[in-house]
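Residues per chain are reported as follows:
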Amino acid sequence: MALAPSKTEASPDMAFPSPFQAWIGGIRAGSVTSYGNNVKASCRWIAFNAEASGVLGIVALECEDGGERTVSQLCCHSDVVTDFDFSPFDQLLLATGSADETVKVWRLPQSGQNMPSSAGLTLGPGEGPVDMLQFHPTADGILASGTGKRVTIWDMEQQQPLTVLDSHRDQLQSLAWKRDGRLLGTSCKDKKLRIFDPRVSPAASQSALGHENNKDSRLLWMGSSDCLISIGFSQMREREVKLWDMRRFSGAMLTVALDTSPGAAIPLYDADTGLLVMAGKVRSHSSGVQGGVCGCGGVLPRAPLMPCPHHLSAREKTSCTALRWQLCSLRSPKVSRIHPTVGSRPTSEAGFCLLHGHLACPPPTVTQCRTEGSTRGLAAVPRLALDVMACEVLRVLQLADTALVPVSYVVPRKSVQDFHEDLFPDCTGTLPANSAQAWWAGDSQQEGSGYSSPSSLASPGSATTSLSASTGPSSGFASSPSQKSLQSILGPSSRFRHAQGRVLHRDTHLTNLRGLSLTTPGECDGFCANHHRVALPLLSAGGQITILELSKPGRLPDAAIPTIQNSVAVTDLSWDPFDPQRLAVAGEDAKIRLWRIPEGGLQETLQEPEAILQGHTEKIYSIRFHPMASDLLVSSSYDMTVRIWELSTGQEALCLQGHTDQIFSLAWSPDGKKLATVSKDGRLRLYEPRCSPLPQQEGPGPEGARGARIVWVCGGDYLLVSGFDSRSERRILLYQAQALRKGPLSVLGLDVAPSTLLPFYDEDTSVVFLTGKGDTRVFLYEVMPEPPYFLECNSFTSSEPHKGFIFLPKTVCEVREVEFARALRLGQSTLEPVAFHVPRVKKEYFQDDIYPPTRVWWEPALSARAWLTGEDGQQRRTSLQPADMTPVSQAPKEAPLRKFVPASVYLEEKSDEQKKEELLSAMVARLGNREDPLPQDSFEGVDEDEWD
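- If you look the chain up in an unreviewed UniProt entry, it shows as Coronin from Melopsittacus undulatus.
- Its UniProt record gives the chain the following Sequence similarities (unreviewed entry) comment, quoted word for word: "Belongs to the WD repeat coronin family."
- Heading Subcellular location (unreviewed entry) of the UniProt record for the chain holds this comment: "Cytoplasm".

Written out as structure tokens, the structure reads:
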């Protein structure tokens, strides 16, 4: 029977005001020729093809705290990204396919953080470009990819294909899983539609001639029903829509011609409401530009759940056009052609209405949704992210040239205070019905945790809250069954993955810094600091250096302040770790000057150094103090030598040879026995200075010659090198210190930028921090001695580029706030402390898993003379635990809260009759025994004669 409009419904407005603030502007969409939709959305993120090749734009679906949405870039592949898809069970998991023949799986951050620089999983390369991707709708870890004439079903956990469907005779054009996950449908350039049961046979179980033209076609399943929708072109190049029933797959049940537009239609189908949306490129009558048209229709193979079509409104964020269709039944359908209009001019789109039996619905009013620019792509927002209290039944994202335009479809209701269950049936949830292996073994389970009721999403933000709770920091990477299996797929995750960096309060800043030198060599960090003070080179003549006390933050006076007069330009400078008042400064005159800073800081200008070290014949690159022995300093120079100085005598103790080009960086091993260097000739060298002046080992270094840095990691067994490749991409390389000749164990590309990455390694947590001069981002990775070697953590991003980034000793960290590193960020005129901490629930306890006993770096293990004569020392270690804190490992164990009510509670529940009987018995008991005397019976009265 036909649905009549409810009398309580309000008449819809055909055009709503355009809230342009809802647009996501400032983007540059790519014009990629592919079979994908070019834009996809999860409950957290939107991904779209960016203008740059191999790059996706990533932007949050919803604004946080009313702020502006920032568009980030995800550098995915070395060639064009052809298609991508979000996992239905994990809103942060994104699979991408490319013309470089690989499929990659990415773990996006929770929110407001930087995009990952490397994929968690790579499948392939295959036998050609990846044309299309789609996750399995019910099984976790199953991904279908289309390449050329074949479809590959991947088991992501095993990183192996389960089967290959290769019955196609020409190029694949689309693939689609049935909602129950049992079957897979494809459309092909050979004009045929095919249906596969991948678990039974790699050959097609059914096939039919689809559209007569071999131009781009699409195939969609109508939910879990046996009906399909195909969109393609007729022999006359008309765009057409066909309705199929796989039980009678020899021919289409219904064919509707749309128009003769040359652009392929992009279809979207919502199985929960039966709404069908299509978009294509049409000529705009108002502006004469190429415009995108969205067509929306309801296709329901069951009794309709939606109100009459003329009550469905499109609330778009621009001047757009849209259509809506309704299908009530697949039996004896009749077609009613609709010619929508904009004003009095007809458009080139047409809708159709399929009616139930011979009883026709009233002709539906067509809501137009015409866009101003061309449609590059189209995506549907997941139902769990809709504003159900506003009766929003569908939201479409249109990818235009320079903006993402949300188009919202709303059913007008007088009351928006209550949840309208008739508009929102139970929808697919975020938990998988089974695993990849269980599905492949024949399990087709769908019921249970796979579905959820939208009534639980009674407020717009509740969807986000419930979803983020399952992937929040407290639960880690694997907080749901899906994520637990994905952890085995993507490998281990760092315990510092949720580390957060924040700039401390302005009261701790040093401001009004003037005349800073920003031209120090690339081998220099730009400035240096210890736990008491910081040394900053100035731009003025004479190599002046200002010394600022960290204990005296605030605004510096405009007047001149005392400085160190180094007399020549500074090339590098370093504080003595065992004497916080001694500063070593290397100059362009090939000399090293030692300066002593008075207790409490500079009170007057210093002009005479404590000592001058001479021996190099050309400008000095860098200087480093020995980590174990006092009065021992190493320097490298343009004369291609490395010299070790004994400061107590002011003489050169050792001279190391063997370099053939500029020395970029050098580093002492943690035990102070060895010295590693990286140079412009692309070689790593490892020295044992007390044994030989020549390198003990050599190995290949970074390919690029623009600069490099080296640091020891993992207890001194490995070397981490930051540098460039031949295409100027910044990367980090990990070497085994005893096997440099074998080359790097792992190479990780980060980004493309001109400055060399400066690494700082925290030996207590095994976290390396990487950033460059002029960067706005600090990369964090936990380094492991076994694969995958690098575990990505949250990055820190600043609003403006920094001129330098120096880390302070571990002892300045505030352990009560779970702070594991602190740095100083040098801006244009400010010096800001940046604290890195790990979110923890039980902050009242000392986090002994993050704070192992730390090395007493401020006490030397031996003297310079003892080290030079062959002795070795070892520094003691101390705990950072405050006296009034208990280690978290000794915290009392709390009983886990029961998440589910046991079945015994329901079994012991009493029936309504039993409850009624108990209630009556209790009421009677309160009234007391009926045979007891009433209270008034005990009252004393008066005699009868007293009434007279």
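## Looking at the environment of Pro 116
Item 1. On the secondary structure map, Pro 116 appears in the loop between strand E8 (103-107) and strand E9 (121-123).
Item 2. The class of Pro 116 is buried, set by a relative accessible area of 9%.
Item 3. Counting along the chain gives 40 residues from Pro 116 to Cys 76, while the straight-line C-alpha distance between them is 9.5 Å.
Item 4. Pro 116 has contacts with Leu 74, Trp 106, Arg 107, Leu 108, Pro 109 and Glu 792, leaving out every residue within four places of it along the chain.

## Describing the sheet that holds strand E17 (residues 192-196)
Item 1. Strands sit in the order E15-E16-E17-E18 across an open sheet of four strands; the sheet is antiparallel. Since the sheet does not close on itself, it has two edges, and those belong to strand E15 (172-177) and strand E18 (206-209), each with one partner. Within this sheet the neighbouring strands show an average axis-to-axis angle of 15 degrees, counted without direction.
Item 2. Looking at chain direction, E15 and strand E16 (residues 184-188) are connected through five bridges and run antiparallel. The residue of E16 that forms the bridge with Trp 177 is Leu 184.

## Quick word on unusual backbone geometry
Item 1. Residue Pro 788 is reached from Pro 787 by a cis peptide bond, and omega for that bond is 5 degrees.
Item 2. Here Pro 788 lies in the loop between strand E63 (777-783) and strand E64 (790-792).
Item 3. Phi is positive for Arg 237, which is not a glycine, with a value near 65 degrees.
Item 4. Along the polypeptide, Arg 237 turns up in the loop between strand E20 (227-233) and strand E21 (239-245).
Item 5. Located in the positive-phi region is Tyr 789, a residue other than glycine, with phi close to 75 degrees.
Item 6. Here Tyr 789 lies in the loop between E63 and E64.

## Topic: the environment of Gln 206
Item 1. Positionally, Gln 206 belongs in strand E18.
Item 2. Given the relative accessible area of 25%, Gln 206 is considered partly exposed.
Item 3. Apart from the residues within four sequence positions on either side, Gln 206 is in contact with Leu 193, Arg 194, Ile 195, Met 246 and Phe 249.
Item 4. One polar contact links the side chain of Gln 206 to the main-chain carbonyl oxygen of Met 246, over a distance of 2.9 Å.

## Here we look at the sheet that holds strand E47 (residues 591-596)
Item 1. Strand order across the open sheet formed by four strands is E45-E46-E47-E48, with antiparallel pairing between neighbours. What marks the edges here is a single partner per strand, and that holds for strand E45 (570-576) and strand E48 (611-614). Across this sheet, the average inter-strand angle for adjacent strands is 20 degrees, counted without regard to direction.
Item 2. In terms of strand pairing, E47 meets E48 through four bridges, oriented antiparallel. For Lys 591, the partnering residue across the bridge sits in E48 and is Gln 614.

## Section: the packing of aromatic side chains
Item 1. Tallied over the full model, the rule gives 19 aromatic pairs.
Item 2. On the basis of an interplanar angle of 55 degrees and a centroid distance of 5.6 Å, the ring pair of Trp 244 and Phe 249 is categorised as tilted. For the pair Trp 244 and Phe 249, one class covers both residues: buried.
Item 3. Aromatic pair Phe 796 and Phe 836: ring centres 5.8 Å apart, planes at 75 degrees, arrangement edge-to-face. Note that Phe 796 is positioned in strand E65 (residues 796-797) and Phe 836 in strand E68 (residues 831-837), a separation of 40 residues in sequence. Accessibility assignment for this pair places Phe 796 and Phe 836 in one class, buried.

Here is what the cut-offs are and how they apply
- Residues numbered from 1 in each chain as written.
- Predicted model: local features only at pLDDT ≥ 70, side-chain atom pairs only at ≥ 80, totals over all residues.
- Heavy atoms only, no water.
- UniProt positions renumbered as here; feature names shortened; annotations may be inferred.
- Helix = DSSP H or I, 4+ residues; strand = E, 2+ residues; numbered from the N terminus.
- Buried < 20%, exposed > 50% of the residue type's maximum accessible area, 1.4 Å probe, protein only.
- Contact = heavy atoms within 4.5 Å.
- Pairing = 2+ DSSP bridges.
- Axes fitted to C-alpha atoms, helices over the stretch in contact; angles between N-to-C directions.
- Polar contact = N/O pair within 3.5 Å; in protein donor to acceptor, adjacent residues only side chain to side chain.
- Phe/Tyr/Trp six-rings, centres within 6.5 Å; stacked < 30°, edge-to-face > 60°.

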